[in-house]
Amino acid sequence: MVGKRSGATEPFNRDKIVNGVRRACQGRPVTEDQLAVLAQRVEESIRARGLGEVPSHEVGLAILGPLRALDEVAYLRFASVYRGFESLDDFEAEIAALRAKHQGEDPWHAAKAELAGTWSSEQQ
């Protein structure tokens, strides 16, 4: 069961996950199969907790990780709504966190970022 903010509870619904994430993925190179796998991973994560009821907030948190791995633009879209971004600073902080994560995984990221920055400054 999922506990809503209103106090109501409802059964976990994988389709709600897919529909919510699909909106964030509009125009992105994400397939329906990838959405289904993401929803399955979220459901498995929630069920693995072994709780009879999970707050809806935790369902949203369970979506963020797999969505970030799937498509970072869709992740930013979803996170901006889910976390209630209110300013450019919120986006910048999240983008900085994504960049920091990349730098730890990809040794070429710094070079790519530098090239992208050079290209951007040349365009201004």
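**Student:** I'd like a description of the overall build of the protein chain, backed by residues and values.
**Tutor:** Helix and strand content of the protein chain: six helices and three strands. Going residue by residue from the N terminus, the α and β elements of the protein chain occur as β-β-α-α-β-α-α-α-α. Burial status across the protein chain gives 28% buried among its 124 residues. Within the protein chain, residue pairs in contact and separated by at least 24 positions form 47% of the contacts whose partners lie at least 6 positions apart.

**Student:** Can you explain the pattern of salt bridges? Please cite residues and give values.
**Tutor:** A pair can form between side chains of opposite charge whenever their charged atoms are brought close. Counting across every chain of the model gives seven salt bridges. The salt bridge involving Arg28 is made with Asp71; its shortest N-O contact spans 2.9 Å. Within this pair, whereas Arg28 is found in the loop between α1 (14-24) and α2 (32-48), its partner Asp71 is found in the loop between α3 (56-70) and α4 (72-82), the two being separated by 43 residues in sequence. Under the relative-accessibility criterion, Arg28 is labelled partly exposed at 29%. Among the salt bridges present, the one from Arg83 reaches Glu94, with a minimum N-O distance of 2.9 Å.

**Student:** Outline α4, listing residues and values.
**Tutor:** Listing the buried residues of α4 in full gives Ala74, Tyr75, Leu76, Phe78, Ala79 and Ser80. After α4 finishes, the residue Gly84 shows a positive phi value of roughly 65°.

**Student:** Could you give me a rundown of the confidence of the model for the protein chain, with the residues and numbers involved?
**Tutor:** Where the model shows low pLDDT, its predicted coordinates should not be examined in detail. Across the protein chain, the average pLDDT comes to 83, with 83% of residues at 70 or higher. Low pLDDT, under 50, characterises residues 117-124; the stretch is placed with zero contacts to residues that sit more than four places away or in other chains.

**Student:** Run through the sheet that holds strand β2 (residues 9-10), naming residues and quoting values.
**Tutor:** In a beta sheet, neighbouring strands are held together by backbone hydrogen bonds and run either parallel or antiparallel to one another. Spatial strand order, β2-β1-β3: three strands in an open sheet with mixed pairing. Each edge of the open sheet carries a strand with a single partner, namely β2 and β3 (54-55).

**Student:** Break down the layout of surface pockets for me, with residues and values.
**Tutor:** Unfilled space is identified by rolling a water-sized probe across the atoms. What the largest pocket holds in volume is close to 570 Å³. Forming the boundary of the largest pocket are 21 residues, of which Lys4, Ser56, Gly60, Ile63 and Phe78 lie nearest the centre.

**Student:** Outline the nonpolar core, supporting the account with residue identities and numerical values.
**Tutor:** Nonpolar side chains in soluble globular proteins generally cluster together in the buried interior. By size, the foremost hydrophobic cluster in this structure holds 26 residues, and its most contacted members are Ile17, Val21, Val42, Val59, Ile63 and Leu67. Only α1, α2, α3 and α4 provide two or more residues apiece to this core. Those residues within four positions of Ile63 in sequence are excluded, and the remaining contacts are Ile17, Val21, Val42 and Phe78.

**Student:** Report on the side chain of Glu43, specifying residues and quantitative values.
**Tutor:** Residue position: Glu43 is located in helix α2. Among residues more than four places away in sequence, those in contact with Glu43 are Phe12 and Arg14.

**Student:** Could you give me a rundown of the packing of aromatic side chains, with the residues and numbers involved?
**Tutor:** Within this structure, the stated rule accounts for two aromatic pairs. Taking the centre distance of 6.0 Å and the plane angle of 15° together, the rings of Phe78 and Tyr82 count as stacked. Linking Phe78 with Tyr82, this pair stays in helix α4, spanning four residues, or about one helical turn. Taking relative accessible area as the criterion, Phe78 reaches 15% and is therefore assigned buried.

Criteria and cut-off values
- Residues numbered from 1 in each chain as written.
- Predicted model: local features only at pLDDT ≥ 70, side-chain atom pairs only at ≥ 80, totals over all residues.
- Heavy atoms only, no water.
- Helix = DSSP H or I, 4+ residues; strand = E, 2+ residues; numbered from the N terminus.
- Buried < 20%, exposed > 50% of the residue type's maximum accessible area, 1.4 Å probe, protein only.
- Contact = heavy atoms within 4.5 Å.
- Salt bridge = Lys/Arg side-chain N within 4 Å of Asp/Glu carboxyl O.
- pLDDT = per-residue confidence, 0-100.
- Pairing = 2+ DSSP bridges.
- 1 Å grid on protein atoms, 1.4 Å probe; cavity = no way out; pocket = protein on both sides within 12 Å on 5 of 7 lines; lining within 4 Å.
- Points joined across faces, edges and corners; volume = space filled by probe spheres on them.
- Core = buried A, V, L, I, M, F, W, Y, C linked by side-chain atoms within 4.5 Å.
- Phe/Tyr/Trp six-rings, centres within 6.5 Å; stacked < 30°, edge-to-face > 60°.

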